[in-house]
Every structure is written in C-alpha cells, then in structure tokens.
Amino acid sequence: MEFEDRVPFVVRLEAEDRQALFACGTPMVFPVRQVLLREHEPSAHVLILLSGWTKVTSAAANGYEALLALRGPGDIIGEAAALSGRQRSATVTALGRVEALAVDADRFGALLDERPAISRQLLALTADRMRDSDRRRVQFAALNVQERLALLLLELIRTHGRETQDGVQLTPGLTQSELAGSVGASREAVARLLKGLRERGIVRTERRGLVVIRPEVLRLMARQAGV
C-alpha cells in the first residue's frame, strides 16, 4: 500500500519551471495539527509543500473519517479544486511544522498556460495518483480487515517510522477512525484488532502515537495474505 507518490510534483519539474512556480508563491508556515485546507470550503489557492508532512482526510456525514494520503516535501495539494473551481474534496492537516508556498488559483492557472511542461507533469501526477488508488482498491478487495491493517502499518513504518529502543514509532496524529477509514472498516473493528495486537505484544498505543514492537509479525500477516 502506497500513500505518497514515489516522485513528488516539484521533483518532476525542470529547473526553470520549478523556479517559475516558486516565484509565484507566498511563503507560509503551519504549526502541528493546524488545518491547511478544509473539506467543502471554496478554493482560492494551491499549496506547494516545502518541508514537513501532512495528512489528507475526508469525513462522511456520520463521522466516518478516512485517511486518504500523506503528503510531504515537494508535493502539491489543493490543485484539483483550484482548477475545477469546486469546493475542497478533503481536509489537509499538518502532522508537524509545515512550510509551504501558497499560489493563487488564477496565477496557477495562468502559469500552466504559460508553461505547458508544468501542465503535462501535473497530468502525469494525477494519473499516477489515480492508478495507485485503483491498485489499492483491487488489492484490498482480496484481503480481510486484519490483513489490510497489517499492510497499512507496514507502509507507515516504511514511510513514517522512527526507530526507538523498543520498536518503531509511527507518525503521531492518526486516529483510529482515520486508520479504519483507510482499511475500509469500522472504528470498532480496528479498535478490536489493535487491542489484540497490543495483547500479543505486537504494538503499543500511547499518547504520542503508535509503536510497532514486532514488525516481523505484521510482515508474516502480509505474506500469508499473498502480498
């Protein structure tokens, strides 16, 4: 399961195009847990992330919330709403201190007209994200909730894990509701699975986040699922 694209948007651009994009932006800083973009709000700008990581989430009317993606340095967020003129389709929240460039939606559209290479790379990025999303849906269709959760935790270890004395500390700020939404399960189901993993000494939950103590067990679950 992949959350962030292998090649961020900024890295895809040629040096001159990258400089032109940066020249259009206004520097902004967001503290931990601050919302950068809010679902259902009108769009007036896009953000180019320079440092720090964010979570992209979407909530249903009944409170069901899904973690859609993690976006970090070099990524672009808010571009779909800015170009379509529609409301934001997701909420983006800082997981830590985030530095970004805000580019006005009209200026961003004009830049795409002026520099077709940027437009092509944006289209390629959109296609990659859609392909990754389709692949995850197909992969998850053949797995049970425990296997999906194991794969999710393994991916978080790979992309946002920090080695500690007794395990791997995962990025804080991800709720059980968001984890449940990511694996297509209820919050109650994920809570039961995490309780089982805690009782077996595989993970530990704490205020700062989740610590994976025995990642090899999660890998065994994934292998048993044929992934």
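Bear in mind that the values here come from a model prediction, so they are computed numbers and not experimental data.

Peer 1: Could you give me a rundown of helix α2 (residues 15-23), with the residues and numbers involved?
Peer 2: Listed as buried for α2 are Asp17, Ala20 and Leu21. Within α2, the buried residues cover an arc of 100 degrees as seen down the axis, which keeps them to one side. Structural note: α2 exposes Glu16, Gln19 and Ala23 on the side pointing more than 90 degrees away from its buried face. Where α2 is buried, its residues meet α1 (9-12), β3 (45-51), β8 (98-104), α4 (105-114) and α5 (116-141).

Peer 1: Requested: an account of the nonpolar core, with residues and values cited.
Peer 2: Residues Leu153, Leu156, Leu170, Leu197 and Leu218 are the most contacted members of the largest nonpolar core, which totals 32 residues. Of all the secondary structure elements, the ones that give two or more residues to this core are β5 (65-71), α6 (145-160), β10 (167-170), α7 (176-182), α8 (187-199), β12 (209-212) and α9 (215-224). With eight residues, α6 is the single largest residue contributor to this core. Those residues in contact with Leu197 that sit more than four places away from it in its chain are Leu149, Leu153, Ile202, Val203 and Met221. One finds Leu13, Ala20, Cys24 and Ile48 within the second-largest nonpolar core, a separate group that totals 19 residues.

Peer 1: Give me the sheet that holds strand β11 (residues 203-206): which residues, what numbers.
Peer 2: Reading across the sheet, the four strands line up as β9-β10-β12-β11 and stay open at both edges, with antiparallel pairing between neighbours. Every interior strand has two partners, whereas the edge strands, β9 (161-164) and β11, have only one. Along the sheet, successive strands turn relative to each other by an average axial angle of 25 degrees, direction set aside. Relative to β10, α6 is tilted by about 85 degrees, and along the sheet it contacts β9, β10 and β12.

Peer 1: So what's going on with the packing of α6 against α8? Residues and values would help.
Peer 2: Running from N to C, α6 and α8 point in directions that differ by 70 degrees, and their axes come no closer than 11 Å. The angle between the axes of α6 and α8 places the two elements in the roughly perpendicular class. Along this stretch, α6 crosses α8, giving a crossing that reads as right-handed. Contact residues: Val145, Gln146, Leu149 and Leu153 in α6; Leu193, Leu194 and Leu197 in α8.

Peer 1: How would you summarise the pattern of salt bridges if you had to cite specific residues and measurements?
Peer 2: Under the definition given, this model contains 13 salt bridges. Measuring nitrogen to oxygen at the nearest pair gives 3.8 Å for the salt bridge that ties Arg135 to Asp132. Here Arg135 pairs with Asp132, and both are found in helix α5, just three residues apart, close to one helical turn. Note on Arg135: relative accessible area 34%, which makes it partly exposed. Since its relative accessible area comes to 18%, Asp132 is described here as buried. Via salt bridges that share partners, Arg12, Asp128 and Arg131 belong to a single interconnected network.

Thresholds, definitions, all that
Residues numbered from 1 in each chain as written. Predicted model: local features only at pLDDT ≥ 70, side-chain atom pairs only at ≥ 80, totals over all residues. Heavy atoms only, no water. Buried < 20%, exposed > 50% of the residue type's maximum accessible area, 1.4 Å probe, protein only. Helix = DSSP H or I, 4+ residues; strand = E, 2+ residues; numbered from the N terminus. Arc of directions from axis to C-beta. Contact = heavy atoms within 4.5 Å. Core = buried A, V, L, I, M, F, W, Y, C linked by side-chain atoms within 4.5 Å. Pairing = 2+ DSSP bridges. Axes fitted to C-alpha atoms, helices over the stretch in contact; angles between N-to-C directions. Parallel < 35°, antiparallel > 145°, perpendicular 65-115°, else oblique. Left-handed = near helix turned anticlockwise from the far one by under 90°. Salt bridge = Lys/Arg side-chain N within 4 Å of Asp/Glu carboxyl O.

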